[in-house]
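# Architecture at a glance
Given next are the chains, with one letter for each unit.
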Amino acid sequence: MNIEIVPGKPIDGQIPGTSGLRKKTRIFMQSGYLENFIQAIFNAIGGAGGKTFVVGGDGRFFNARAIQTIIRMAVANGAVKMIVGRNGLLSTPAASHLIRLNGTDGGLILSASHNPGGIDEDFGVKFNTPNGGPAPEKITNEIFRQTTILESYAIVTGPDIDLNEIGHRTIGDMQIEIVDPVADYLVLMQTLFDFDSLRALFASGFSMRFDAMHAVTGPYATAILEDALGAPAGTVQNAIPLENFGGGHPDPNPVWAKPLVDLMMSDASPDFAAASDGDGDRNMILGRGIYVTPSDSLAVLCANAHLASGYKSGLSGVARSMPTSRAADRVADKLKIGCFETPTGWKFFGNLLDAGMATICGEESAGTGSNHVREKDGLWAVLLWLNILAVRRETVVDILKAHWREFGRNYYSRHDYEEVDTAIANDLVADLQSRLGDLPGKDIQGHQIETADNFTYADPVDGSISEKQGIRIGFEGGARAVLRLSGTGTEGATLRVYLEYFEPDPDRHDIDPQVALAPIAAAINEIAKISRRTGRVGPDLMT
Ligand code: G16
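Residues numbered from 1 in each chain as written. Predicted model: local features only at pLDDT ≥ 70, side-chain atom pairs only at ≥ 80, totals over all residues. Heavy atoms only, no water.

## Quick notes on the domain arrangement of the chain
Which entries qualify depends on this criterion: An automatic or database domain assignment is the source of the domain bounds shown. In this description, contact between two residues means that some pair of their heavy atoms is separated by no more than 4.5 Å. Buried area is a sum: the accessible area each of two parts loses on coming together, probed at 1.4 Å, counted once for each and added. Counted as salt bridges are all cases of a side-chain nitrogen of Lys or Arg within 4 Å of a carboxyl oxygen of Asp or Glu. Side-chain atoms alone can form a polar contact between residues adjacent in sequence; in general such a contact is a pair of N or O atoms within 3.5 Å, and within protein one must be able to donate a hydrogen while the other accepts it. The way it works is that DSSP assigns letters per residue, a run of H or I at least four long becomes a helix, a run of E at least two long becomes a strand, and they are numbered from the N terminus.
With domains assigned, the chain is organised as domain 1 (3–179), domain 2 (185–407) and domain 3 (409–542). If you average the C-alpha positions of domain 1 and of domain 2, the two centres end up 28 Å apart. Each partner contributes to the interface: domain 1 provides 32 residues, whereas domain 2 provides 32 residues. Carbon and sulfur atoms make up 58% of the area that domain 1 and domain 2 hide from each other, which totals about 2,400 Å². Put simply, domain 1 and domain 2 have 2 salt bridges between them. For the salt bridge of glutamate 137 with lysine 347, the shortest nitrogen-to-oxygen distance reads 3.9 Å. In this structure, the connection of domain 1 to domain 2 is made through 10 residue pairs in polar contact (both at pLDDT 80 or more). A total of 6 residues in the side of domain 1 that touches domain 2 trace back to one element, the largest contributor, which is helix 4 (residues 92–101).

## A closer look at helix 16 (residues 513–528)
Definition in use: Between the first and last residue of a helix there are one fewer steps than residues, each counted as 1.5 Å, and that sum is the expected span. Bend is the name given here to the angle between axes fitted to two runs of seven residues, the run ending at a residue and the run starting at it. Partly exposed residues are those whose accessible area sits between 20% and 50% of the maximum for their type, while under 20% is buried and over 50% is exposed, using a 1.4 Å probe and protein chains only.
Compared with an ideal rise of 1.5 Å per residue, which puts 16 residues at 22 Å, helix 16 spans 21 Å between its outermost C-alpha atoms and is within 8% of the ideal. Of all bends in helix 16, the biggest is about 40°, found at proline 519. Buried residues of helix 16: Ala516, Leu517, Ile520, Ala521, Ala523, Ile524, Ile527 and Ala528, and no others. Its side-chain oxygen placed 2.9 Å from the backbone nitrogen of glutamine 514, aspartate 512 serves as the N-cap of helix 16. Just downstream of helix 16, lysine 529 is the residue with a positive phi angle, here 55°.

## So, unusual backbone geometry
Excluding glycine, residues mostly have negative phi values, and the peptide bonds linking residues are mostly trans. In the Ramachandran plot, histidine 214 falls in the positive-phi region, its phi being about 55° despite a non-glycine side chain. Relative to the helices and strands, histidine 214 is located in the loop between strand 10 (208–211) and helix 8 (217–228). One non-glycine residue, alanine 366, adopts positive backbone phi at about 75°.

## Brief notes about the pattern of salt bridges
For the coordinates displayed, the defined rule picks out 33 salt bridges. One salt bridge connects lysine 376 with aspartate 281, and the closest N-O pair in it is separated by 3.6 Å. Taken together, the residues span a long stretch of sequence, with lysine 376 in the loop between strand 18 (367–370) and helix 13 (378–392) and aspartate 281 in the loop between strand 12 (272–276) and strand 13 (283–287) at a distance of 95 residues. For glutamate 503, the salt bridge identified is with arginine 508, shortest N-O distance 3.0 Å. Owing to a relative accessible area of 38%, arginine 508 belongs among the partly exposed residues under this scheme.

## Let's talk about the site of the ligand
Selection criterion: We call a residue near a molecule or strand when any one of its heavy atoms sits within 4 Å of it. Note on areas: these come from Shrake-Rupley sampling with a 1.4 Å probe, and a residue is covered only by the protein chains present in the view. Under the grouping applied here, Gly and all other residues not named as nonpolar or charged are polar, the nonpolar ones being Ala, Val, Leu, Ile, Met, Phe, Trp, Tyr, Cys and Pro and the charged ones Asp, Glu, Lys and Arg.
Around the ligand lies a shell of 17 residues, among which Arg282, Glu363, Ser486, Thr488 and Arg496 are the nearest. Between an oxygen atom of the ligand and a side-chain N or O atom of serine 113, the distance comes to 2.8 Å. Relative to its unbound accessible surface of 460 Å², the ligand loses 98% to contact with the protein. Per-class residue counts for the shell around the ligand are 1 nonpolar, 9 polar and 7 charged.

## Observations regarding helix 13
The end-to-end C-alpha separation of helix 13 is 21 Å, in line with the 21 Å expected for 15 residues at 1.5 Å each. Most of helix 13 sits inside the fold, with 13 of its 15 residues counted as buried. Two or three places before leucine 379, at the opening of helix 13, aspartate 377 has a side-chain oxygen 3.4 Å from that residue's backbone nitrogen. At the C-terminal side of helix 13, arginine 393 shows a positive phi close to 50°.

## Overview of the environment of threonine 422
For threonine 422, the location among the structural elements is in helix 15 (residues 422–435). With residues up to four places along the chain from it excluded, the contact list for threonine 422 reads Gly492 and Ala493.

## Comments concerning the nonpolar core
As a reminder of what qualifies: For our purposes a nonpolar core is just a set of buried Ala, Val, Leu, Ile, Met, Phe, Trp, Tyr and Cys residues, chained together by side-chain atoms within 4.5 Å.
Judged by nonpolar contacts, the single largest core of 74 residues is most densely connected at Phe193, Trp380 and Leu386. Two domains each donate at least three residues to this core, and these are domain 1 (3–179) and domain 2 (185–407). When near neighbours in sequence (up to four residues on either side) are disregarded, phenylalanine 193 contacts Leu198, Ala308, Ser309, Tyr311, Trp380, Leu383, Leu384 and Asn387.

## Quick word on the sheet that holds strand 20 (residues 443–444)
Within a sheet, adjacent strands bond to each other through the backbone by hydrogen bonds, running parallel or antiparallel. To be explicit about the condition: Following DSSP output, two strands are said to pair if at least two bridges run between them.
Judged by pairing direction, the sheet is antiparallel, and its 7 strands sit side by side in the order 20-21-24-25-26-19-27 without closing on themselves. Edge positions in the open sheet fall to strand 20 and strand 27 (541–542), since each of these has one partner strand only. By the bridge criterion, 6 bridges tie strand 25 (residues 480–485) to strand 26 (residues 493–503) in an arrangement that is antiparallel. When the bridges of strand 26 are listed, arginine 484 appears paired with arginine 496.

## Thoughts on the packing of aromatic side chains
Put simply, the rule reads: Only rings of Phe, Tyr and Trp enter the pairing, Trp through its six-membered ring, and a pair is recorded when the two centres are within 6.5 Å. The plane angle decides the type: under 30 degrees is stacked, over 60 is edge-to-face, the rest tilted.
Within the structure shown, the criterion is met by 13 aromatic pairs. Between phenylalanine 202 and phenylalanine 206, the ring centres sit 5.7 Å apart and the planes meet at 70°, which makes this aromatic pair edge-to-face. Overall, phenylalanine 206 belongs to the buried group, its relative accessible area being 12%. On the numbers, 6.4 Å between centres and 35° between planes, the contact of phenylalanine 272 with tryptophan 385 is tilted.

## Section: the packing of helix 6 (residues 183–192) against helix 8
So the rule is basically this: Here the axes come from fitting lines to C-alpha atoms, over the contacting stretch only for helices, and the angles between their N-to-C directions go from 0 to 180 degrees. Small angles under 35 degrees read as roughly parallel and large ones over 145 as roughly antiparallel, with 65 to 115 read as roughly perpendicular and the rest as oblique. Put simply, a crossing is left-handed when the front helix is turned counterclockwise from the back one by less than a right angle, and right-handed when it is turned clockwise.
Where helix 6 contacts helix 8, the two axes come as close as 10 Å, and the packing angle between them is 50°. Regarding the angle of helix 6 to helix 8, the classification is oblique. Relative to helix 8, the crossing made by helix 6 is right-handed. Along its contact with helix 6, which presents Tyr185, Leu186 and Met189, the element helix 8 presents Tyr220, Ile224 and Ala228. When its residues are assigned to classes, the contact of helix 6 with helix 8 shows 6 nonpolar, no polar and no charged.

## Some remarks on the environment of arginine 60
Position of arginine 60 relative to the elements: it lies in the loop between strand 3 (52–57) and helix 3 (63–76). Residue classification places arginine 60 among the buried residues on the basis of a relative accessible area of 1%. Sequence-wise, arginine 60 and glycine 278 are 218 residues apart; in three dimensions their C-alpha atoms are separated by 8.2 Å. Those residues in contact with arginine 60, other than ones at most four positions away along the chain, are Ser111, Ala112, Ser113, Asn115, Pro116, Gly117, Asp122, Phe123, Glu243 and Phe245.

Here is the structure:
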């Protein structure tokens with residue numbers, strides 16, 4: 001084993017606001033690119049010497065190769081141990097759990113989340129800190145700074161490590177523990193949910209479909225739903241993780257999981273369906289004939305979490321990202337618990353969870369989770385829904401309708417304009433930003449603007465300030481439009497427009513959300529000149 005010190009070179013390793021570094025796979029495959037970024041991570045955390053890390057990914061193209069490189073670099077940088085998922089697989093929430101369970105110095109998670117995989121698609125790397133959560137901005141900024149000043153990286157030569165068998169290996173002075181990616185996660189789920197009632201639910205004939213989208217949750221869902229809970233074989237579909245996710249986008253939304261949505265809207269629909277994304281942190285929930293928006297799902301989970309054993313003593317608080325609908329706020333109000341509004345990005349929940357100020361967190365982007373790990377957790381959300389269904393023995397539709405009757409309905413939708421020219425998108429936001437002060441009091445198509453600002457978050461735990469986290473326009477009567485640029489795209493800019501309007505009247509809870517929200521959509525289009533500036537007649541995606 002030889003340690004090689006290879007000259008480093010600055011790379012474009014700027015980590016956008018909401019996630020780890022995501023790039024086209026071929027960029028990561030360029031000679032030295034991954035190596036420089038990994039060395040920058042090690043340097044940013046004060047070196048890897050004497051440290052232990054978790055490493056794993058969602059199995060996409062380049063996952064296995066990248067792990068071999070990371071292991072060799074960890075050895076050369078003096079790390080003492082790496083815990084690696086068998087075959088290099090670990091879902092993001094399972095990696096977060098392993099970091100916490102083993103008290104490691106952090107973890108490296110290889111994924112571009114819901115973005116497609118393959119040599120011509122996307123790859124990503126993120127660093128999670130010892131609390132199990134995504135690195136906060138002060139660390140990601142330091143990683144980026146390190147990429148710009150890196151002089152060299154260290155790596156050892158030698159044969160590849162066999163990652164296919166569970167067990168212990170050593171390379172130089174570093175131990176490598178290959179673990180079953182599912183085992184510890186399953187144990188954690190058993191502490192939170194009542195597996196006996198879930199087994200009884202399936203034994204009663206309850207039917208479900210889980211679409212793993214050929215991504216990392218396949219082995220987790222099969223082990224939990226079919227093997228541990230007795231759901232019939234075939235309940236989990238697309239269960240084998242593939243390097244290119246079968247050619248699809250592993251993004252659990254009505255567009256990319258359309259076959260599942262179509263099934264649930266058909267006469268052949270099972271009682272319940274769910275899907276998860278590339279790295280297993282996002283979820284989509286469906287009932288017979290109904291798609292549950294992530295914002296509504298968060299609210300329902302908060303209102304019913306006490307039905308699951310892990311949450312029976314109630315919640316300390318709830319947190320949601322700013323663009324997420326305010327449905328959960330109404331639940332928090334009724335439960336008389338804290339309610340926090342954070343910028344987009346799971347990392348902003350970390351302090352609230354660590355401080356015990358929030359138990360459940362959620363985002364409109366299909367992420368929900370709790371204080372059991374420090375990442376959003378797709379299967380956790382599915383199991384909490386199942387636990388609620390097992391106790392209430394009502395349909396998803398009935399649960400949702402009863403929820404709206406009790407709390408009112410927050411109609412909600414997100415409109416995405418994808419691959420917009422970056423300069424046009426930036427100009428649109430800058431122009432709107434410059435006019436914010438003039439907007440309050442204006443009447444747009446019969447809608448009076450009451451407030452207009454760009455969201456600033458002051459972290460209640462460490463006092464850190466995050467500015468310009470999304471433009472919010474509040475209309476008379478409580479309707480709201482939020483506008484921000486995505487931080488997770490890999491091509492051009494994605495403009496996200498979030499629309500919300502509250503309807504207390506139960507007789508008006510059955511309107512098509514796009515119809516209910518059309519006036520707000522038209523108003524924000526006029527205010528921000530979206531069509532005029534982008535040349536688009538409408539959004540590419542409405543979730
Ligand atoms: C990532 C973050 C999420 C965030 C989402 C938003 O999700 O982990 O916390 O809500 O990005 O993305 P955007 O900036 O595109 O709106 P994931 O699942 O891609 O890791």
